[in-house]
Amino acid sequence: MPPSSFFDDLEATQSQSAGMEAADARTLRLASHPLTEAELQSLVRYQETFLAHVEQPSAGKDAIVAAHQLGMQASGLKETKVVELGTAMLRAYSGQRWTARRLRTRLAELEQRLDAASTEKAGKIRDELRRVEDLEPLARRYGQGTIDLLNQHEERLVDLHARMQKVLSRA
């Protein structure tokens with residue numbers, strides 16, 4: 001029996017897509033291991049060392065290569081792949097947390113205004129904020145223990161993320 005409307009078919013497709021994304025996340029979760037405090041600290045040392053080098057005013061065009069090498073040495077991690085996978089996880093988490101902060105700031109600004117346009121925008125931001133603050137997809141991908149650990153260091157990780165984005169966007 002065909003769907004009664006186009007939207008019924010669209011909802012079914014979206015539901016299947018969400019189910020596939022959840023299955024993909026679970027599969028990827030099986031391929032990763034829980035992040036330990038020691039590994040997190042190594043990744044943070046990598047990022048801090050990297051940033052200390054490339055944020056210098058005298059940093060030239062080759063600063064990123066040198067910064068990566070210095071970061072690897074400071075982190076104590078031996079494989080670039082471990083650093084790349086770890087920093088990808090940190091970018092996903094920290095980017096989501098950074099976005100939530102920006103949305104909360106914008107929402108607070110809009111809530112102080114009384115015009116209809118601001119009220120409408122605030123409603124849209126609340127909806128987006130609910131979506132962005134949901135860490136369940138990240139927990140499915142990386143494990144709840146990893147997300148709990150990242151939450152304990154959120155302030156520092158988001159600060160590093162913002163600095164890293166600034167540096168990498170100008171490169």
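As a starting point, this report considers the structure included with it. (Residues numbered from 1 in each chain as written. Predicted model: local features only at pLDDT ≥ 70, side-chain atom pairs only at ≥ 80, totals over all residues. Heavy atoms only, no water.)

As a further point, take the packing of helix α2 (residues 37-54) against helix α3 (residues 63-75). Remark: α2 packs on α3, axes separated minimally by 8 Å, with the N-to-C direction vectors making an angle of 145 degrees. The two elements α2 and α3 cross, and the hand of that crossing is right-handed. Two secondary-structure elements touch here, α2 through Ser42, Arg45, Tyr46, Thr49, Phe50, His53 and Val54 and α3 through Ala63, Ile64, Ala66, Ala67, His68, Leu70, Gly71, Met72, Ala74 and Ser75. (Axes fitted to C-alpha atoms, helices over the stretch in contact; angles between N-to-C directions. Helix = DSSP H or I, 4+ residues; strand = E, 2+ residues; numbered from the N terminus. Left-handed = near helix turned anticlockwise from the far one by under 90°. Contact = heavy atoms within 4.5 Å.)

The tally for this structure, following the rule as stated, stands at eleven salt bridges. Measuring nitrogen to oxygen at the nearest pair gives 2.8 Å for the salt bridge that ties Glu48 to Arg156. Of this pair, Glu48 sits in helix α2 while Arg156 is found in helix α8 (residues 154-170), placing the two residues 108 residues apart along the sequence. For Arg156, a relative accessible area of 35% translates into the label partly exposed. (Salt bridge = Lys/Arg side-chain N within 4 Å of Asp/Glu carboxyl O. Buried < 20%, exposed > 50% of the residue type's maximum accessible area, 1.4 Å probe, protein only.)

At 3.6 residues per turn, the α-helix brings residues three or four places apart onto the same side. Relative to the 26 Å expected for 18 residues at 1.5 Å per residue, α2 spans 26 Å between its end C-alpha atoms, a close match to the ideal helical length. Within the sequence span of α2, burial applies to Leu40, Ser42, Leu43, Val44, Tyr46, Gln47, Phe50, Leu51 and Val54. In the core, the buried residues of α2 are packed alongside α3, α4 (80-111), α7 (144-152) and α8. (Expected span 1.5 Å × (residues − 1).)

Attention shifts here to the side chain of Thr87. Here Thr87 shows up in helix α4. For Thr87, the side chain forms a polar contact with the main-chain oxygen of Glu84, separated by 3.2 Å. When near neighbours in sequence (up to four residues on either side) are disregarded, Thr87 contacts Leu43, Tyr46 and Gln47. (Polar contact = N/O pair within 3.5 Å; in protein donor to acceptor, adjacent residues only side chain to side chain.)

Right, let's get into α3. Under the 1.5 Å per step criterion, the end-to-end length of α3 is 18 Å for 13 residues, consistent within 8% with the ideal 18 Å. All of the buried residues in α3 are Ala63, Ala67, His68, Gly71, Met72 and Ser75. Down the axis of α3, the sector holding all buried residues measures 165 degrees, keeping them to one side. Facing away from the buried side of α3 by more than 90 degrees, the exposed set consists of Val65 and Gln73. Against the buried residues of α3 lie α2 and α4. (Arc of directions from axis to C-beta.)

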